[in-house]
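Coordinate inspection notes
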Amino acid sequence: MESPIVDYLRVYGGPAALTLGLIVLLRGIYRLVRVRLLFHHLLAKHPKGSQQSDAFTVLSYNFPEFDNCFYIDIWPFVQPLLCITSPDLAVQVCQTYALPKPAVLQNFFQPFTGGWNIFTTNGPEWKRARSLFNPAFSASAVLHHTSQIVEEAQVYVDILREHATKGDTFSLDRMTCSYVMDIIGSIAINKRLKSQREYNPLAAAMRSVAEWNCQDEELNPFIRWNPLRPIMHWYNGRTMTCYIGDALEERYQRWRQNQPSDRHRKSIMDLVIADFMSTRSAKEDRLDPEFKAWATIQVRTFLFAGHDSTAATIVYSIYMLSKHPELLARVRAEHDQVFGDVSSTAQTLTQHPELINQLPLTLAVIKETLRLFPAASALRWGQPGVHLQDQNGTKYPTDGLCIWILHGAIQRNPNYWKDPSAFLPERWLVGPDHPLYPPKGGWRAFEQGPRDCIGQTLALLDIKVTLLLVLREFDFQDQYAEWDRLHPSAGPNTVFGERAYQVPQGASHPAQGMPCRVSQRQHIG
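The shown structure was predicted, so the numbers you read here are calculated from the model rather than taken from an experiment. (Residues numbered from 1 in each chain as written. Predicted model: local features only at pLDDT ≥ 70, side-chain atom pairs only at ≥ 80, totals over all residues. Heavy atoms only, no water.)

Details of the packing of aromatic side chains
Enumeration according to the criterion identifies 19 aromatic pairs in this entry. Arranged with centres 5.2 Å apart and planes meeting at 90°, the rings of Phe108 and Phe109 form a pair that is edge-to-face. Grouping aromatic residues by their ring pairs yields a cluster made of Phe133, Phe137, Phe276, Phe291, Trp294 and Phe302. Stacked on the ring of Phe119, the Lys or Arg Lys101 has its end atom at 3.6 Å from the ring centre. In this structure, Arg128 is placed above the aromatic ring of Trp294, and the distance from its NZ or CZ to the ring centre is 4.6 Å. (Phe/Tyr/Trp six-rings, centres within 6.5 Å; stacked < 30°, edge-to-face > 60°. Lys NZ or Arg CZ within 6 Å of the ring centre and 35° of its normal.)

In structure tokens form, the structure reads like this:
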């Protein structure tokens, strides 16, 4: 004889299971709505499209007693987060413990790079790549590329002259992205992409990936699940891989034939191919397929990281100097003192590239720009037994957590920086006893520790050369007032009181691409 429970399940089991499933579904929908409302209220204080990290930076201001870090747990929608907002804890994450990169980073980088790369790998694989590329990014090796940077910068200057003659409004960010893409193409694979003046499939595909990329800030399901996105990512990825593959084969054949480089200095991949082949036979007609596939991914990584954030920093540096004319005059005076006549600057720099390191105020401007407008934040993966400890002795477990190092929050934290929202390049020129002196571990634009940005020396050189060649010749004026008149919209349009707030498009870029007008400077000293 069957039990009453069995009889009950036979009769009511189906409806009961259906009811239970419906309850679970409704609970999930309720949680989804609640979480989305939380983020909606948080992001509603910022303009549409602004970056999520800024919203969490503002959130941290609401809890000044927790200036070190805070936890966010909205699983299963995102991995539980430990958000870092103090220099000391950031140092522990990236330097003391040197925690690994999380696998979730690869989701973001995949469309740009096509595979696991020097930025997303960990352990022996990362160490192998880093040791292989380190010589190509040394200070001396990078300085040897100055003439290539100047070559592309002169095209950039010519285009600015054309805009000055026309008096039109244009996107300074879009124009600068093409310019820096040409620089990194020349340095990475020894090819002039010429994307500033004409269509180049490699440059166009990389920028298309950035435009089609969908980040966590995007909540609109019609945008997030656009069926064209994976198709465009596949097409752009194939275009970049084929183009770079052909370029690598060309560099390999030149290496085999021991031909001198046809352009200036050897490219990054020339050096890496030579190093790779030092333990292999040169008899193969084609480059080793496995190495070629790996090298292609790394080149795609350098092309993305090497142009995207650098271009944005150039634009923000010009923008901030245009807002501070007294400081701009001091920078121009520094350039006059070191390089003399404006018309001969490019030639002088090409012949004496070491002079670029005699511009302390210019470097201070760049570092202060990166403090207020960092190109990105950083992610690390917590480990068992690793606890971060603040100055009060409180310990924060990290196991199973994605650690989000909020560069913007750290670099604007009022508990560590005097006048944190003010643009004060003097911070980088004063001594340790001065109240403006930066806190230890507080500036993380290129991160710190063993996983710092391998290309930071090249990025700083690109920016310094660009500022040197454009600031004494041109005056810049943003056109946000005109943009807002032509594109009226409700809601806030500033972040931290700044109209040129950052938006996620690859790295962080100025809103609306920095609408700008440029004019020839009237009184050139």
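Digging into the sheet that holds strand 7 (residues 402-405)
Across a sheet, strands are paired by hydrogen bonds formed along the backbone, either parallel or antiparallel in direction. Overall, mixed pairing links the four strands, which are arranged 1-2-7-4 in an open sheet. Looking at which strands have only one partner, the edges of the open sheet turn out to be strand 1 (69-72) and strand 4 (378-381). This sheet shows a mean twist of 25° between the axes of neighbouring strands, independent of strand direction. One ladder, built from four bridges, connects strand 4 with strand 7; its direction is antiparallel. Among the inter-strand pairings, Trp381 is bridged to a residue of strand 7, identified as Cys402. Packed onto the sheet, helix 2 (residues 52-61) meets strand 1 and strand 7 and runs at close to 120° relative to strand 1. (Pairing = 2+ DSSP bridges. Helix = DSSP H or I, 4+ residues; strand = E, 2+ residues; numbered from the N terminus. Axes fitted to C-alpha atoms, helices over the stretch in contact; angles between N-to-C directions. Contact = heavy atoms within 4.5 Å.)

Describing the sheet that holds strand 3 (residues 170-171)
Strand order in this open sheet of three strands is 3-11-8, and the pairing throughout is antiparallel. Sheet topology places strand 3 and strand 8 (474-478) at the edges, where each strand pairs with a single neighbour. Where strand 8 lies against strand 11 (residues 515-520), five bridges are found, and the strand directions are antiparallel. Directly across from Phe476, in strand 11, lies its bridge partner Val518.

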